Amino acid sequence: MSFERRLGSSRRFLGLSTVLFVLVLPGYRAEALSSETLKSVVSVLPVWPGRAQGGAGAPPGVAPEGTGIALRNGVVATAWHVVEQAQRIDVRLSDGRILPAQLIGQDAQTDIALLEVAADVPPFDMAPRPDLADPVCIIGNAWGLGLSVTCGVGSALDVTDAGFNEVEHFVQTYAAANPGASGGALVDAEGRLVGMVSAIFASDGDGNIGVNFAVSSTLLLRVVDALIETGTVTYPDPGWRLAIADRAQLAIRAAPVVRATDPGGAAAQAGVRAQDLVVAVGEQRVRTPRDVVAALALLPEGTPSVDVTVERAGQEMIVALALQAPAPSVDAEPEVLGDCPHPEAVCRMRQAVFPISSFDPVGSATRIGPNLLVTNRHVVGDRPDAVVYSPTGPLGGRVISSGYQGDLALIAVEGLPADGLVAGLDGSFLDADETFAIGADVARQEVRVFDPGAVIAPPAEDAEFGRIHVTAFMQPGVSGGALVDSAGRLIGISVGGGEGRYEAIPLQDVRALLDGRADQNADATSPRLGSAFAECATLM
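Summarised in this report is the structure supplied together with it.

### Description of the sheet that holds strand 5 (residues 66-72)
Consideration 1: Ordered by their spatial adjacency, six strands build a closed barrel running 4-5-6-9-8-7, and the pairing between neighbours is antiparallel. On average, each strand axis in the sheet is tilted by 40° relative to the strand beside it, whichever way the strands run.
Consideration 2: Where strand 4 (residues 41-47) meets strand 7 (residues 88-92), five bridges bridge the pair, whose relative direction is antiparallel. Note that in strand 7 the partner of Pro46 across the bridge is Ile89.
Consideration 3: Set on the sheet, helix 2 (residues 217-230) makes contact with strand 5, strand 6 (75-79), strand 8 (98-107) and strand 9 (112-117); between it and strand 5 the angle comes to about 70°.

Take a look at the structure:
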C-alpha cells in the first residue's frame, strides 16, 4: 500500500514527479443534485513553471489543474498544493468563463489556500455534521475535463492520522476522486458543503481503492476565517510532548500519554504532569496525539482557554489549559531546534536521513558512512539504483550487493554533505525511554521527526529477522528512515505499521547487512531478493 495526495496535479516531492491514475469506483446512488450547486464550484487553472496551462488546449490530465469552492462573496478556497508553484492563477466558472484569480492567503499545515475572484460565485451553504454512511458526492474538475460529480457515502469521520498534513480533520469517503479534484466540494444530498477534497490513499499501481479524504467544513471554515481576518493561522501550543500509550495502557484505555512538558508552558502551568493521559479536549474525546492536535486546531482563532480532561493514577481531573500562555522560562534548558519540537539531539539526526526514490517512488535512507546509506529492501525492490535527494540536489545512488536476506539494502552515493551527520551503530533499543521515527514527509516535502513513542516489544527471540515494535508514529515515506532514542542515538531502521503499532529493524541486522558484502553469494542474493520483493508488490 502506498499513499498519494496530489489530486490537483502530479505528485511532487523534492523534484520528484509521478502521475497519479485513479480508477473510478461504483458510487452510492444519491438523490440528484441541483445544477445550481455547480455554480458554487470553479475549476482552478494554475500556470506552473515549464508546464502548459489547463484550458489552453493541452490534452486532459497533462496540465496541472484543480478545483475551488466559493465560501464568501468573491472568495474561493482550494488546495494549497494546487497553486503553490503557480506563477499565475485563472479560474473557470461553471458557465465556462475564465477569469484571473489572486492568491490572498494560504495555510500549508492544512493544505488550504484562498483565492479572490472578481465574479459573483454563490457561496456554499454549510451542511450539519454528517452521520456515518450518509450519502455524499464529490464535485470536481476531474482530469481537467470540467466539473463532474461522483457519489458515495461518508465512510469515516474525524480522521486525524491519514498522514498527509501536519493538521488533519478529514471526512473519509469512497466517492471517487480523480486528478483535478483537489479543492473540490464534498457535499451532502442537499448540495450543502461537508468538506473540501484534499487527498486519497492509493494502491502501489496508483489505483483508487475508495479511501478518499476531504478537509471537514469545520476545520476549513476555522482556517478561512483566520486567513480573511488576519492573513495568518495560528494553532495552540500547550508546551507538551505527547506519545501513543504503551501496549499495557492501550489494553485499558486508549489515550495519548504526556511524555514531557515545557517549563513555564501552558500545560505545566495548568498542572499537567509527565505520564498523565489526555482523555478529552473540551468535549472532544481523544485517543492519539494526532487527535489532540486536531481538537486544538479546531478551536476558533484567539480562544483564551480550553478544559482538558486528564487521567492520573486512574483518576480523572479537568484542568483549564490557557492557550495564550506566557513564554517558557528563560532559565529552562532549550530542548528544540528551529521548527523541530523535540530534543535537540533528535532534531539534529535529520541530517543523517535522506528522501530517496527507487522501486518505491518515495522512501527514506539513513546515512551510516561518508558515502553509504541503508534503507529497506522493499524501497529499492529489484532496482540497481536510486535517486537520493540531498540539500544540494538529486544524487545518483548504487545498490550494493550483500548476502543478508532481510528487508535492508545498502546504497553507495557520492556527493553527500562532507560536514553532514553520520549515524553510529552502537545504540540499543533496550535503553530507550522514548523513540522517534525520522523520515521523509511527502506532504511537507522535508525530512522531519514524527511524534514520539515507546518500545512495546523487542524482536522475538526465535525470529531470524525479528523487529522492534514501537508506538513512535510512522507514515508512508518513512520506510528506511531512522528510529532514534531521546539522545539522538540510532537504534533501528524504520519499516512502518499502523493503528498505534509500528516496526523497525534492529541494528544487529544493519551490521549483518554490512558483513554480508563479503559473502561469496552476495551478487546472486541481492537480485534474487529484489525480484521477490517486486513480485510481491505486484501481487499486492
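### Re the pattern of salt bridges
Consideration 1: The final tally for this structure, using the stated rule, is 19 salt bridges.
Consideration 2: Where Glu65 meets Arg92, a salt bridge forms, and the shortest distance between an N and an O atom there is 3.7 Å. Taken as a pair, Glu65 in the loop between strand 4 and strand 5 and Arg92 in strand 7 lie far apart in primary sequence, 27 residues in all. For the pair Glu65 and Arg92, a shared accessibility class is recorded, and that class is buried.
Consideration 3: Put simply, Arg253 and Glu311 hold a salt bridge, and the shortest N to O gap is 2.5 Å. You can see Arg253 sitting in the loop between helix 3 (247-250) and strand 17 (257-261) and its partner Glu311 sitting in strand 20 (residues 305-312), a full 58 residues away along the chain.

### Examining the state of the cysteines
Consideration 1: Scanning all chains against the criterion turns up two disulfides.
Consideration 2: With its sulfur 2.0 Å from that of its partner, Cys137 forms a disulfide with Cys151. Classification of the bridge connecting Cys137 and Cys151 rests on its S-S torsion, roughly 95°, and on that basis the disulfide is right-handed. Residue Cys137 is located in strand 10 (residues 135-140), and its partner Cys151 is located in strand 11 (residues 148-159); the two are separated by 14 residues in the primary sequence.
Consideration 3: The exposure class assigned to Cys137 is buried, which follows from its relative accessible area of 1%.
Consideration 4: Bridging Cys340 to Cys347, the disulfide has an S-S length of 2.1 Å.

### Considerations on unusual backbone geometry
Consideration 1: Of note in the backbone geometry, Ala133 takes a positive phi value of approximately 70° without being a glycine.
Consideration 2: Looking at the element boundaries, Ala133 is found in the loop between strand 9 and strand 10.
Consideration 3: Classification of Ala133 by relative accessible area gives partly exposed; the value is 47%.
Consideration 4: Unusually for a residue other than glycine, Gln275 sits at a positive phi of about 80°.
Consideration 5: Tracing the backbone through its elements, the reader meets Gln275 in the loop between helix 4 (266-269) and strand 18 (277-281).

### Quick notes on the nonpolar core
Consideration 1: In terms of nonpolar packing, the biggest core is built from 35 residues, with Ile69, Ala185, Leu193, Phe213 and Leu220 touching the most fellow members.
Consideration 2: Top contributing element to this core by residue count: helix 2, with six residues.
Consideration 3: If we skip the residues at most four places from it in the chain, Phe213 touches Val159, Ala162, Phe164, Phe170, Val171, Gln172, Met196, Val197, Ser198, Ala199, Ile200 and Phe201.
Consideration 4: In this structure, Val374, Leu410, Leu425 and Phe436 belong to the second largest nonpolar core, which totals 30 residues.

### What to know about the packing of aromatic side chains
Consideration 1: This structure, assessed with the given rule, holds six aromatic pairs.
Consideration 2: Taking the centre distance of 6.5 Å and the plane angle of 65° together, the rings of Phe164 and Phe170 count as edge-to-face. Side by side, Phe164 and Phe170 carry an identical accessibility label, which is buried.
Consideration 3: Taken together, a centroid distance of 5.7 Å and an interplanar angle of 70° make the contact between Phe473 and Tyr502 edge-to-face. Here Phe473, found in the loop between strand 31 (468-470) and strand 32 (482-485), pairs with Tyr502, found in strand 34 (residues 501-506); they are 29 residues apart in sequence, far enough to count as distant.
Consideration 4: Phe473 sits in the buried class, given a relative accessible area of 9%.
Consideration 5: Residue classification places Tyr502 among the buried residues on the basis of a relative accessible area of 5%.

### A closer look at helix 5 (residues 289-297)
Consideration 1: Most of helix 5 is tucked away: eight of the nine residues are buried.
Consideration 2: Every buried residue belonging to helix 5 is among Pro289, Arg290, Asp291, Val292, Ala294, Ala295, Leu296 and Ala297, and all of these are buried.

The rules behind the values
Residues numbered from 1 in each chain as written. Predicted model: local features only at pLDDT ≥ 70, side-chain atom pairs only at ≥ 80, totals over all residues. Heavy atoms only, no water. Pairing = 2+ DSSP bridges. Helix = DSSP H or I, 4+ residues; strand = E, 2+ residues; numbered from the N terminus. Axes fitted to C-alpha atoms, helices over the stretch in contact; angles between N-to-C directions. Contact = heavy atoms within 4.5 Å. Salt bridge = Lys/Arg side-chain N within 4 Å of Asp/Glu carboxyl O. Buried < 20%, exposed > 50% of the residue type's maximum accessible area, 1.4 Å probe, protein only. Disulfide = S-S within 2.5 Å. Core = buried A, V, L, I, M, F, W, Y, C linked by side-chain atoms within 4.5 Å. Phe/Tyr/Trp six-rings, centres within 6.5 Å; stacked < 30°, edge-to-face > 60°.

This is a description of form; function is not addressed.
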